[in-house]
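Given next are the chains, with one letter for each unit.
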Amino acid sequence: MFAQIILAKAPPKLNKIFHYEIPEELKAILSIGHQVLVPFGNSKRVGYVVGFSQISEVEKTKPILQIISKDPVFTSQGLKLVKWMSEYYQCFFMSAFRALLPPSIKKKEGRKRFAVDGRDGRDAINRVPTGEVTFCAPISTTHQQNALNQILPSLDQQNGDRFLLHGIAGSGKTEVYLKVVEEAIARNKGAIILVPEIGLTSQIVKRFKERFGSLISELHSGLKDKEYFEEWRKISTGESKIVLGTRVALFAPVKNLKVLILDEEQEPAYKQEQNPRYDARKAAEYMSEKFGVVAIFGSAAPSVETYYKAKTGKIKLVELHFEPRPSYIEIVDMKNEKRKLLSPLLRQAIKETLEKNEKIILFINRRGFFTFQTCRKCGNTVKCPNCATSLTYHFKDNKLICSYCGFTAGINIICPNCQSTSLAFLGSGTQRIEEEVGEIFHKAKIIRIDKDSVTKKGSHEKLFAAFTHGEANVLIGTQMVTKGLDLAEVTLVGVVSADSMLYIPDFRSSERTFQQLTQVAGRAGRHNLPGRVIIQTLNPDHYAIKYAAACDYKSFYEEEIQIRESLSYPPFASLINIIIQGKEEEKIIKISSDIKTFLEKRLTLSADCKILGPAKATIEKIRGNFRWQILLKGKNIATLQTAVKESLVKIIIPVDMRVSVDVDPVNML
Ligand code: ADP
Ligand code: ZN
Ligand code: ZN
């Protein structure tokens with residue numbers, strides 16, 4: 001019997017499996033996932049056990065010197081997961097493999113010496129709970145019981161079922177997750193619960209901890225290396241059977257994993273924006289198919305792609321019915337408001353709320369870099385005739401450019417939609433709102449939360465705390481304020497402009513608008529006091545805004561899915577985005593067109609298979625690097641993947657340039 005080892009910190013040509021002999025004293029303990037020290041040439045190297053075989057590829061094998069990590073740091077399932085990731089998302093196996101390792105384990109690779117016995121210096125404290133564990137859970141409502149009746153039988157089946165748990169905020173989804181996990185524990189199975197971000201959603205962490213105590217481990221990038229490793233160790237020994245964390249928690253070495261929950265499954269944070277560019281939703285599907293894991297996607301406003309799967313029977317739709325509280329969502333048409341950011345209705349509402357000593361959240365979606373030409377009269381942005389997404393104004397060229405197909409146009413003088421001359425460049429920052437509120441309302445104590453005010457780690461928690469403890473009564477902020485904040489005294493939520501999201505050049509912009517408005521609206525009146533939501537917009541009749549205000553997901557979905565179908569966007573086609581970056585724009589244009597030419601020859605182009613671009617990306621430059629992109633669209637993802645892979649083997653990329661492949665992209669700016 002030989003151990004198959006891959007080396008840490010190896011140059012690309014040594015990125016393969018090596019065979020080593022297993023010394024007698026290690027035979028009983030060595031397993032997949034152990035970090036080990038091995039002789040290599042004249043030196044010693046750190047490696048990882050990835051398998052065992054009866055035969056060795058070489059005649060003379062050397063023995064493993066010692067085990068470094070007392071417990072295995074990954075499982076064979078984890079190994080399969082990253083293997084699949086590297087193939088599907090087209091990155092080197094090693095870069096996917098690194099995702100399996102906790103930071104402190106990676107750091108050890110650089111060390112020269114290790115403790116002689118190969119132990120971590122501490123024995124596992126034996127806290128593995130035995131016998132009956134009782135949990136303090138409320139009795140499920142009829143609707144929750146109904147949902148559980150659909151989900152729980154899957155825990156006893158071999159194959160992994162998939163569910164979409166659809167229910168508005170407050171409908172009791174978290175309580176359903178808790179019950180499912182409880183049942184898994186009763187069967188001695190493990191569970192992973194993913195949340196998009198941990199800081200802002202600490203509400204869910206709190207509830208899981210209250211229910212499961214020390215059976216639970218938390219995993220996210222906010223932990224110190226040591227803490228992270230300690231959690232990892234507890235998971236690996238089976239001390240904790242439940243893992244709650246951000247997408248990295250997918251790789252946790254959970255024993256007998258049976259349940260995988262993704263809360264707020266519509267969130268873009270589930271997609272990693274660097275190699276491996278995996279999507280936790282896709283990974284969850286893979287794990288359910290291959291490992292028999294029961295996957296539960298939960299959301300108040302599911303992604304269109306997930307809901308489509310539910311409608312077409314690929315996953316099971318479980319609706320959590322809930323009597324919504326009377327809704328006080330009002331839409332204000334801003335077309336006649338001239339230059340003012342706050343409408344008379346919103347001003348009046350702010351005044352009344354402050355007088356009652358209650359709190360206010362003002363939400364704005366300002367993403368610094370983009371400007372669009374927008375009509376103040378009809379509310380439309382100037383759009384690409386081919387892609388139906390907003391054209392971005394590129395200041396340097398003084399042109400409007402489509403970031404999907406490269407369509408370019410000069411600045412419009414009259415609105416293509418209503419022929420008025422009221423075109424403007426849209427954009428208003430949180431700072432201007434702060435000024436406007438401050439000027440009118442002297443009682444307002446304002447806290448502003450945006451990317452500028454929360455550069456330091458943990459500083460948004462501090463700002464939130466100040467708001468919670470009454471040091472401020474108005475919170476103004478970007479996306480960040482829409483998540484998780486659950487405050488009794490917030491009785492007014494104002495959306496300063498629902499349009500800025502709508503104009504983002506992304507085919508998912510309507511979906512994102514609907515989701516964000518749903519989330520924002522969920523922040524008001526969650527407790528005893530009635531809440532009021534005021535949405536300001538130039539597009540009061542847009543379906544995303546209209547249906548978000550009416551809390552009507554289904555009607556929104558019906559309109560959106562038709563548009564996706566008519567334009568062949570996901571879920572009706574798959575996308576691969578190729579991003580080409582470098583310091584010299586001419587070189588990028590040259591390489592981009594080489595890639596395109598190759599792909600044109602390689603793929604059979606048709607209405608069902610298209611190559612868009614090369615085009616300047618919406619964010620045309622990052623840290624001095626120009627960015628262009630080529631977007632592939634096709635019914636068959638495997639065909640696209642193969643073609644892209646071949647193109648990157650055939651076309652030589654200069655060393656000062658970088659080409660990244662993004663399969664099933666989520667962020668295409
Ligand atoms: P969601 O996750 O869909 O927003 P939650 O599970 O957080 O909904 O439930 C909303 C509120 O109702 C929470 O305060 C929760 O504690 C409470 N709750 C949920 N289910 C029950 C139940 N069966 N009995 C009593 N309270 C419940
Ligand atoms: Zn117009
Ligand atoms: Zn276009």
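Residues numbered from 1 in each chain as written. Chains lettered and ligands numbered in written order. Predicted model: local features only at pLDDT ≥ 70, side-chain atom pairs only at ≥ 80, totals over all residues. Heavy atoms only, no water.

Looking at empty space enclosed by the protein
Thought 1: Going through the model one piece at a time under the given rule, you end up with four cavities of 30 Å³ or more.
Thought 2: Each pocket or cavity is described by its volume, and for the largest cavity that value is around 60 Å³.
Thought 3: Together, Thr-75, Gln-77, Gly-78, Leu-81, Leu-250, Phe-251, Ala-252, Val-254, Leu-257, Met-287 and Phe-291 line the largest cavity.
Thought 4: If you list the elements that add at least two residues to the lining of the largest cavity, you get helix H1 (76–88) and helix H8 (280–291).
Thought 5: Of the residues forming the lining of the largest cavity, the biggest block, three residues, is contributed by H1.
Thought 6: Partitioning the lining of the largest cavity into residue classes produces eight nonpolar, three polar and no charged.
Thought 7: Both domains that meet at the lining of the largest cavity, namely domain 1 (2–118) and domain 2 (141–319), each give it at least three residues. (1 Å grid on protein atoms, 1.4 Å probe; cavity = no way out; pocket = protein on both sides within 12 Å on 5 of 7 lines; lining within 4 Å. Points joined across faces, edges and corners; volume = space filled by probe spheres on them. Helix = DSSP H or I, 4+ residues; strand = E, 2+ residues; numbered from the N terminus. Nonpolar A, V, L, I, M, F, W, Y, C, P; charged D, E, K, R; others polar. Domains from an automatic or database assignment.)

A short note on the side chain of Ser-154
Thought 1: Assignment of secondary structure puts Ser-154 in the loop between helix H4 (142–151) and strand S6 (162–166).
Thought 2: Sequence-distant contacts of Ser-154, defined by excluding residues within four places in its chain, comprise Asp-161, Phe-163, Lys-258 and Val-294. (Contact = heavy atoms within 4.5 Å.)

Some words on the confidence of the model for the chain
Thought 1: A residue-level look at the chain finds 89% of positions with pLDDT of 70 or above and a mean pLDDT of 86.
Thought 2: For the stretch residues 116–131, pLDDT sits under 50, and the model shows 28 contacts to residues farther than four places along the chain or on other chains. (pLDDT = per-residue confidence, 0-100.)

A closer look at the site of ligand 1
Thought 1: Lining the immediate environment of ligand 1, one finds 14 residues, of which Ile-139, Gln-144, Gly-170, Thr-174 and Arg-207 sit closest.
Thought 2: Interatomic distance of 2.8 Å between a backbone N/O atom of Gly-170 and an oxygen atom of ligand 1.
Thought 3: The backbone of Gly-172 places a nitrogen or oxygen atom 2.9 Å from an oxygen atom of ligand 1.
Thought 4: Compared with its free state, where it exposes 550 Å², ligand 1 has 64% of that area covered by protein.
Thought 5: Here the element with the most residues in the shell around ligand 1 is helix H5 (residues 173–186); it accounts for three residues. (Near = heavy atom within 4 Å. Polar contact = N/O pair within 3.5 Å; in protein donor to acceptor, adjacent residues only side chain to side chain. Areas by Shrake-Rupley, 256 points an atom, 1.4 Å probe, with all protein chains shown as cover.)

Comments concerning the packing of H1 against H8
Thought 1: Interhelical geometry of H1 versus H8 gives an angle of 130° and a closest axis separation of 11 Å. Comparing their axes, H8 and H1 come out oblique. Between H1 and H8 lies a crossing of right-handed hand. Contacts between H1 and H8 involve Gln-77, Lys-80, Leu-81, Trp-84, Met-85 and Tyr-88 on the former and, on the latter, Lys-282, Ala-283, Tyr-286, Met-287 and Phe-291.
Thought 2: Each residue belonging to the contact of H1 with H8 can be placed in one class, and the counts come to eight nonpolar, one polar and two charged. (Axes fitted to C-alpha atoms, helices over the stretch in contact; angles between N-to-C directions. Parallel < 35°, antiparallel > 145°, perpendicular 65-115°, else oblique. Left-handed = near helix turned anticlockwise from the far one by under 90°.)

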